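Chains, contacts and geometry: an overview
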Amino acid sequence: MSFAKWVGGAIGWSFGGPIGAIIGLAIGSFVDNLSGNGTPLLGERQTGRQRRDPYRQRPRQTRQRPQTQSGDFEVSLLILASIIIKADGKQDQRELDFVRQQFTNMYGKQRANNAFELFKRVSKQNVSMRQVCLQIKQMMDHASRLQLLHFLFGIAKSDGHVAESELRQIYTMSGYLGISNKDYESIKAMFYDSTNNAYKVLEINKSVSDDAVKKAYRKMAKKYHPDRVGHLGKEHQEGAEEKFRQVQAAYELIQKERGFK
């Protein structure tokens, strides 16, 4: 699959708004190829001879959240990852390798190569984190946004240390994405090994009863179940399984500490 065809395929709402504008600038000359092949230009839809302005908003009363497609998630992930990697003032090769490897695991080598090519182009831009995150919040379901956050923590931790600047960026992103502080702390705790963090993963205090622990586990297992992102495709379900396993590991750690089954 060519780079141009890859960019034009499997993308829905991310064709418009600030994300569409970022992609359009990133692909440069490929835009003409996309248009010539009958694919709408990034950031606009074609209706007859009219094209939609990527920044034109529909009336609020008629706006509905469309289903996020795999390509929408992929592009959103690329843009947010480019911000995190630059958060500490440098691009660490281990972080870049992590991004490439994760995309290879999810999408296969060819698609991952295309994704990483776009990632490199996006990384050269000054991206408005707020505008991008607000578009994602408006258009993407909650479970998919949690999956984005998990991936971003993985990038930050891939060089063996999460810098304070990276934590601040991810925390700010989570707010713009409409992710609660409890959900943020839960996912953050998945990247630190301790009993206290196990409680944070389950979004409970250490003082709660055993029954409350069990109830919290069932709630979090449901929240992070891979089926919640099934609409994104099998590749993203497999990625979501990591969060699910970490919830199970946190519960098992607390079980061992408290001595209950």
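Here the structure is a predicted model, which is why all the values come from computation and not from measurement. (Residues numbered from 1 in each chain as written. Predicted model: local features only at pLDDT ≥ 70, side-chain atom pairs only at ≥ 80, totals over all residues. Heavy atoms only, no water.)

Another aspect to go through is the layout of surface pockets. Taken as a whole, the second largest pocket encloses approximately 340 Å³ of empty space. Considering the residues around the second largest pocket, the lining is formed by 17 residues, among which Gln102, Gln147, Phe151, Gly239 and Glu242 are closest to the centre. Elements that contribute at least two residues to the lining of the second largest pocket include exactly α4 (70–85), α5 (93–107), α8 (142–157) and α13 (234–258). The element contributing the most residues to the lining of the second largest pocket is α13, with six residues. Here the lining of the second largest pocket is built from residues that sort into six nonpolar, seven polar and four charged. (1 Å grid on protein atoms, 1.4 Å probe; cavity = no way out; pocket = protein on both sides within 12 Å on 5 of 7 lines; lining within 4 Å. Points joined across faces, edges and corners; volume = space filled by probe spheres on them. Helix = DSSP H or I, 4+ residues; strand = E, 2+ residues; numbered from the N terminus. Nonpolar A, V, L, I, M, F, W, Y, C, P; charged D, E, K, R; others polar.)

Next up on the list: the confidence of the model for the chain. Per-residue pLDDT for the chain has a mean of 79; in total, 79% of the residues score no lower than 70. Low pLDDT, under 50, characterises residues 29–62; the predicted model gives this stretch 52 contacts beyond four residues in sequence or across chains. (pLDDT = per-residue confidence, 0-100. Contact = heavy atoms within 4.5 Å.)

This paragraph deals with the environment of Val99. Inspection of the secondary structure puts Val99 in helix α5. Judged by relative accessible area, Val99 falls into the buried class, the value being 0%. Note: C-alpha distance between Val99 and Ser82 (17 residues apart in sequence) is 9.6 Å. Setting aside residues no more than four positions away along its own chain, Val99 makes contact with Ile85, Phe116 and Ile155. (Buried < 20%, exposed > 50% of the residue type's maximum accessible area, 1.4 Å probe, protein only.)

Running from N to C, α5 and helix α6 (residues 109–123) cross one another at 140°; their axes reach a closest spacing of 7 Å. Classified by the interaxial angle, the pair formed by α5 and α6 is oblique. As for the relative orientation of α5 and α6, their crossing is right-handed in sense. Of the residues in α6, those touching α5 at Leu96, Val99, Arg100, Phe103, Thr104 and Tyr107 are Lys109, Arg111, Ala112, Asn113, Ala115, Phe116 and Phe119. For the contact of α5 with α6, the per-class residue count stands at eight nonpolar, two polar and three charged. (Axes fitted to C-alpha atoms, helices over the stretch in contact; angles between N-to-C directions. Parallel < 35°, antiparallel > 145°, perpendicular 65-115°, else oblique. Left-handed = near helix turned anticlockwise from the far one by under 90°.)

Moving on, we get to a positive patch on the surface. Residues Lys182, Lys215, Arg218 and Lys219 make up a contiguous surface patch of positive charge. The element contributing the most residues to the positive patch is helix α12 (residues 210–223), with three residues. Note that Arg218 resides in helix α12. (Patch = residues over 30% accessible without salt bridge, like charges linked within 9 Å, V, L, I, M, F, W, Y side chains within 5 Å. Areas by Shrake-Rupley, 256 points an atom, 1.4 Å probe, with all protein chains shown as cover. Salt bridge = Lys/Arg side-chain N within 4 Å of Asp/Glu carboxyl O. Lys, Arg positive; Asp, Glu negative; His and termini not counted. Charge placed at Lys NZ, Arg CZ, Asp CG, Glu CD.)

This brings us to empty space enclosed by the protein. Taken as a whole, this structure holds one cavity of 30 Å³ or more when the rule is applied. Put simply, the largest cavity is a space of about 40 Å³. Taken together, Ala143, Lys223, Tyr224, His225, Arg228, Val229, Ala240 and Lys243 make up the lining of the largest cavity. Looking at the lining of the largest cavity residue by residue, the classes come out as four nonpolar, one polar and three charged.

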